[in-house]
Every structure is written in structure tokens, then in C-alpha cells.
Amino acid sequence: MTQSHLNGLFLAFALLLSACSQPVRQEGGVTPNTEHAHDDVRHDDHGDDGHDDHDAHDDDDDHEDDGDVVRIDAEAQTAAGIEIATAATAPLSQTLSLPAEIRFDADRMANLSPRVSGIVARLYAGEGDIVRRGDRLALIQSRELASLKAEWQKAKTRESLARKALTREEALFSDKITSEADLQAARAEFEAAQAVSDAAENELHAAGISDAALQRVDTAADGDNANSFLLAPIAGRVVRRAVALGETVSAGDAGAAPLFTIVDESVVWADIAVFKDDIGRVRDGAPVTLRDTSGQTLGNSKIAFVLPIIDERSRTATARIVVDNADRVFRPGQFVTADISTGQSSPVLQIPESAVQTVEGRASVFMPYEDGFKPVPVQTGQRSQGQVEILAGLRAGDRFVSAGSFTLKSQLEKDAFGGGHDH
């Protein structure tokens, strides 16, 4: 190849490189500026209102959280008992948390022992049975009781004869037929017979025989006068039965265990162990909230009294409260925590404890959101009298679900299990 051909090739190659380096012209003759185009993309990402990347991220988060919204119409809200309140600050009672033990109310407990000796012929109730006052618990066949009734019948007969003799002597003395000495002797005999009769009757009453039962002694069927029924003195539950069918029982045996123990569970005691250093802070009438080991509120009451004696071993005193147990929430022997109100704090943001639910392992409060309710995590503080302090996650003036939040939590969990959230 000649030198002129080589020079031509180099010239063509140079022109080609020059053409590739020029900007591409678009239709209409506009040449875009690459740097400015990148700026325009970033501005479009912000949106027309100028939100920054953080706002856009928040919007994405809100969109993701929409899956935790429980949507429920107004009619269903009413049926579920859902109520909305506004968070506000107020003084919160300061509390002292101490251990307590649930006990039977000794004023509502009955230990039953036999009033006469004999053999248990029949049992009408066992442990766990609910009985009413006056219900039969056991039938005891007693020769001792039969003998007491026979003695009483004899005494009543003697009294009746002595009364008739006295009446006759009074009539004769009035007609001056008999002497005053005979009248006084007849009166003395009647009073003695009456005393014996009264004593026999009192023995039967001590054996558990009522006046109504005494009226039936003379007409009782064969063998019935030996029957003694053990009756429930109070209404409640039989918590102990220490006797078996056919067993021999003895009256007045101080060392014998009661045949039956009945307890009225509708009211119980909670004995609080008050440490020596805290005795000065616990006063009669102070409000108390009882909680289980998980922190759930079981009931509320007030300090009935504080025993003035300090146990030498535990170095604690006992504060007792009487607790309504109609719903059988408490069981004797159960250990609980007693939150005793000892004063008031400065105003803090507080809401009902029942409004706080555990959602995905976090304490949360449901708040109105669009056409439903959304759980919002909160940080809780001290608790007192059914209220809980909110340290973070909720502000004064925020609206929240004050009642019915458990229903919303249940629905949320149901929806999560089923893979949907709309209602």
C-alpha cells in the first residue's frame, strides 16, 4: 500500500472518532444536559411537595403498617364494646408492691364434728360439693341419742303427772280439804320434775336436736330416734371430708379431726407481708390492687387493718384485706402481689391498664386510623389502681381505645393467622 493510501485511512479514522464524541441531537434540535437530567430525577423522587427521602421512607412504612389495621364498622364497634378516649395527664397514685397470700376467710369457714357418738350410716356430701345452709351432710346412728330422748320422754311424763297432782292439791286446798303442807309438797314435786325435764331437753339441744324435732319424738318410727343428722351450718363448698361410711365417731373428742370442713369462697382474705421499714407507709383504708405473677389485675380492695405484731423470723408485719371473690378468681394458698397506694405523684400521662395489649411481643395501644384501629407500641411506667403511666408512644390529646382493645387484638391475631386484615 502506498503512502498516500495510508494517509487517507488515518484521515477517515480521525473523522469517525470526532463524530462519535458529539452529543446526540434529539428531535426538535434539543440536546439534553446529562447533569441537569440527573438533578431532575432526584427532584421527581422528592415529589411535587418537596418531601425528602425520609418522608418517602415514612410513607413506605405507613403503607407496610396498613396490614396491622383492624377495620371494623360502627355497628360492630358498638357490639364489641369499643370506646374511644383522649389521653390526658393526672396525678398517679404512688404504690408499694409487697407479696401477699390468699387465705380462706375464717369468719366464713365451718369445721363440723359429731355432737353424739355413733356409727356413720350414710353420707350425703363429699369434697368439692356445694351445699346450702341446713343441707344434710351425714347420718349418724347413735344409741346415745336414743337414750337421751328416752330420758327426756320419762322426764316429760313425770312433769305432766306432777303438774296434775299440783292442780288437784290446789283445788283441795281451796276447798279446805287438804293441808298447806300437802300443797307445798305437790308444788315441790312439780318443780323438781320440771327441772329434770328441762335438763333432759337441754341435753338434746346440745346434741343438735331442735324443738321441731322434739315434737316428733313421740310419733317417730322405730329406730328414727337414734338418727342424728349432721347439717351444714353455712352455705359453701365442702373442702374436706375426714370420715367414711360405717366409721365410728365420738362426740367431744378434742384430738379428732373435724368430719367436714365447709368454706364460703365468695369472700377471701389476702394477708400482705409488710417489711419492717415499710410499716410506716401502710395505713388502714389504703387502696390495694392485687396482681398475679404475670402482672394481670385480679381485684381491688382496701387495707382492713395492720396487725401490730412483727414476726421475729421474717421481720414482717401482716396487713389484711378482705377481697370479694364472687367470680372465684382467687384460690386459698395462691401467692399474689399487692400494690398498696401510699400517695400521689406529680401529673403524668396515664391510661387504663386494660387499654394496653401485647401485640407482637410489645406493649401497644390501639388508636383510630382511617376506617379502623391500629396498634401503636408504647412504653409503660408505674401502675396504680388500674391505671398505667405512659412514658412514650402516646401524647396528651391523642385518641385511643380505652375499652374493647382486647377484642381488637384478638381480631388482629385472627386476621394475621388467616392472612387478611380487612373486615
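Just so it is clear, the model here is predicted, and its values are computed rather than measured.

What counts and how
Residues numbered from 1 in each chain as written. Predicted model: local features only at pLDDT ≥ 70, side-chain atom pairs only at ≥ 80, totals over all residues. Heavy atoms only, no water. Pairing = 2+ DSSP bridges. Helix = DSSP H or I, 4+ residues; strand = E, 2+ residues; numbered from the N terminus. Salt bridge = Lys/Arg side-chain N within 4 Å of Asp/Glu carboxyl O. Buried < 20%, exposed > 50% of the residue type's maximum accessible area, 1.4 Å probe, protein only. 1 Å grid on protein atoms, 1.4 Å probe; cavity = no way out; pocket = protein on both sides within 12 Å on 5 of 7 lines; lining within 4 Å. Points joined across faces, edges and corners; volume = space filled by probe spheres on them. Nonpolar A, V, L, I, M, F, W, Y, C, P; charged D, E, K, R; others polar. Expected span 1.5 Å × (residues − 1). Contact = heavy atoms within 4.5 Å. pLDDT = per-residue confidence, 0-100. Axes fitted to C-alpha atoms, helices over the stretch in contact; angles between N-to-C directions. Parallel < 35°, antiparallel > 145°, perpendicular 65-115°, else oblique. Left-handed = near helix turned anticlockwise from the far one by under 90°. Phe/Tyr/Trp six-rings, centres within 6.5 Å; stacked < 30°, edge-to-face > 60°. Lys NZ or Arg CZ within 6 Å of the ring centre and 35° of its normal.

Engineer: A description of the pairing of strand E17 (residues 356-359) should follow, citing residues and the corresponding values.
Structural biologist: Pairing analysis gives four bridges linking E17 to strand E18 (residues 362-369), with the strands arranged antiparallel. Bridging from a neighbouring strand, Val 356 pairs with Val 365 of E18. Turn length for the E17-E18 hairpin, with the two strands adjacent in sequence and antiparallel, is two residues, and the turn residue Glu 360 shows positive phi of about 55 degrees.

Engineer: Which residues make up the pattern of salt bridges, and what values do they have?
Structural biologist: In total, this model carries 17 salt bridges according to the counting rule given. Residue Glu 151 pairs with Lys 154 through a salt bridge whose shortest N-O separation is 4.0 Å. On the criterion of helical spacing, the pair formed by Glu 151 and Lys 154 is a turn pair, its members being three residues apart in helix H5 (residues 143-174). Glu 151 sits in the partly exposed class, given a relative accessible area of 43%. Accessibility expressed as a relative area gives 55% for Lys 154, which makes it exposed. Across the pair Glu 265 and Arg 237 runs a salt bridge, and its minimum N-O distance is 2.7 Å. On the criterion of sequence distance, the pair formed by Glu 265 in the loop between strand E11 (260-263) and strand E12 (267-275) and Arg 237 in strand E9 (residues 236-241) is long-range, its members being 28 residues apart. A residue is classified by how much of its surface remains accessible, and Glu 265, at 15% relative accessible area, is buried. The exposure class of Arg 237 is partly exposed, given its relative accessible area of 28%.

Engineer: I'd like a rundown of the environment of Asp 415, residues and numbers included.
Structural biologist: As for its placement among the helices and strands, Asp 415 is situated in helix H8 (residues 405-418). For Asp 415, a relative accessible area of 9% gives the class buried.

Engineer: Outline the layout of surface pockets, supporting the account with residue identities and numerical values.
Structural biologist: In this model, the largest pocket occupies a volume close to 650 Å³. Forming the boundary of the largest pocket are 26 residues, of which Gly 208, Ile 209, Ser 228, Phe 229 and Leu 231 lie nearest the centre. For the lining of the largest pocket, the secondary-structure elements that each account for two or more residues are strand E7 (136-141) and strand E8 (227-231). With five residues, E8 is the largest single contributor of residues to the lining of the largest pocket. When the residues that make up the lining of the largest pocket are grouped by side-chain class, the tally is 15 nonpolar, six polar and five charged. Volume-wise, the second largest pocket comes out at about 440 Å³. Lining the second largest pocket are 13 residues, and of these Gln 296, Glu 353, Val 356, Gln 357 and Arg 383 lie nearest its centre. Elements supplying a minimum of two residues to the lining of the second largest pocket: E17 and H8. With three residues, the top contributor of residues to the lining of the second largest pocket is E17. Of the residues belonging to the lining of the second largest pocket, the class tally is three nonpolar, seven polar and three charged.

Engineer: Requested: an account of the sheet that holds strand E10 (residues 248-249), with residues and values cited.
Structural biologist: One open sheet accounts for four strands, arranged E8-E7-E5-E10; its pairing is antiparallel. Edge positions in the sheet fall to E8 and E10, since each has one partner strand and no second. Taken together, the two bridges between strand E5 (residues 118-123) and E10 define a ladder with antiparallel strand orientation. If you follow Gly 118 over to E10, its bridge partner there is Val 249.

Engineer: Now, about helix H6 (residues 180-206): what can you tell me, with residues and values included?
Structural biologist: Given 3.6 residues to a turn, an α-helix orients residues that are three or four positions apart in the same direction. Helix length check: H6, at 27 residues, gives a terminal C-alpha distance of 39 Å against a target of 39 Å (1.5 Å per residue), a fit within 8%. Among all positions in H6, only Leu 183, Ala 186, Phe 190, Ala 193, Ser 197, Ala 200 and Leu 204 are buried. Here the buried face of H6 lies against H5 and helix H7 (211-214).

Engineer: For the confidence of the model for the protein chain, give the residues involved together with the corresponding values.
Structural biologist: It should be kept in mind that the predicted coordinates are not to be read in detail where pLDDT is low. Per-chain confidence: the protein chain averages 82 in pLDDT, with 82% of residues scoring 70 or above. Of the regions scoring below 50 in pLDDT, residues 1-65 engages in 14 contacts with residues more than four places distant in sequence or in other chains.

Engineer: Go over the packing of H5 against H6 with me, naming the residues and quoting the values.
Structural biologist: H6 packs onto H5 with a crossing angle of 160 degrees between their chain directions and a minimal axis gap of 8 Å. Considering their axes alone, H5 and H6 lie roughly antiparallel with respect to each other. Relative to H6, the crossing made by H5 is left-handed. Tallied by class, the residues present in the contact of H5 with H6 amount to 16 nonpolar, two polar and 14 charged.

Engineer: Which residues make up the packing of aromatic side chains, and what values do they have?
Structural biologist: The way to describe two aromatic rings as a pair is by their centre distance and the angle between their planes. On inspection of all chains with the given rule, the structure shows one aromatic pair. For the ring pair Tyr 124 and Phe 229, a centre distance of 6.5 Å and an interplane angle of 45 degrees mean the geometry is tilted. A residue pair is termed long-range when its members are at least 10 positions apart, and Tyr 124 in the loop between E5 and strand E6 (130-131) and Phe 229 in strand E8 qualify at 105 residues. Residue Tyr 124 is classed as partly exposed on the basis of its relative accessible area, which comes to 30%. When its relative accessible area of 30% is taken as the criterion, Phe 229 is described as partly exposed. Across the ring face of Phe 229, the terminal group of Arg 136 is positioned such that the distance to the ring centre comes to 3.7 Å. We note Lys 374 situated over the ring of Tyr 369; from NZ or CZ to the ring centre the distance is 4.6 Å.

Engineer: For the sheet that holds strand E19 (residues 372-377), give the residues involved together with the corresponding values.
Structural biologist: Sheet architecture is open: four strands sit in the order E1-E19-E18-E17, paired in antiparallel fashion. The open sheet is flanked by strand E1 (70-71) and E17, the only strands paired with a single partner. With two bridges connecting them, E1 and E19 associate as antiparallel partners. Bridging from a neighbouring strand, Val 70 pairs with Phe 373 of E19.

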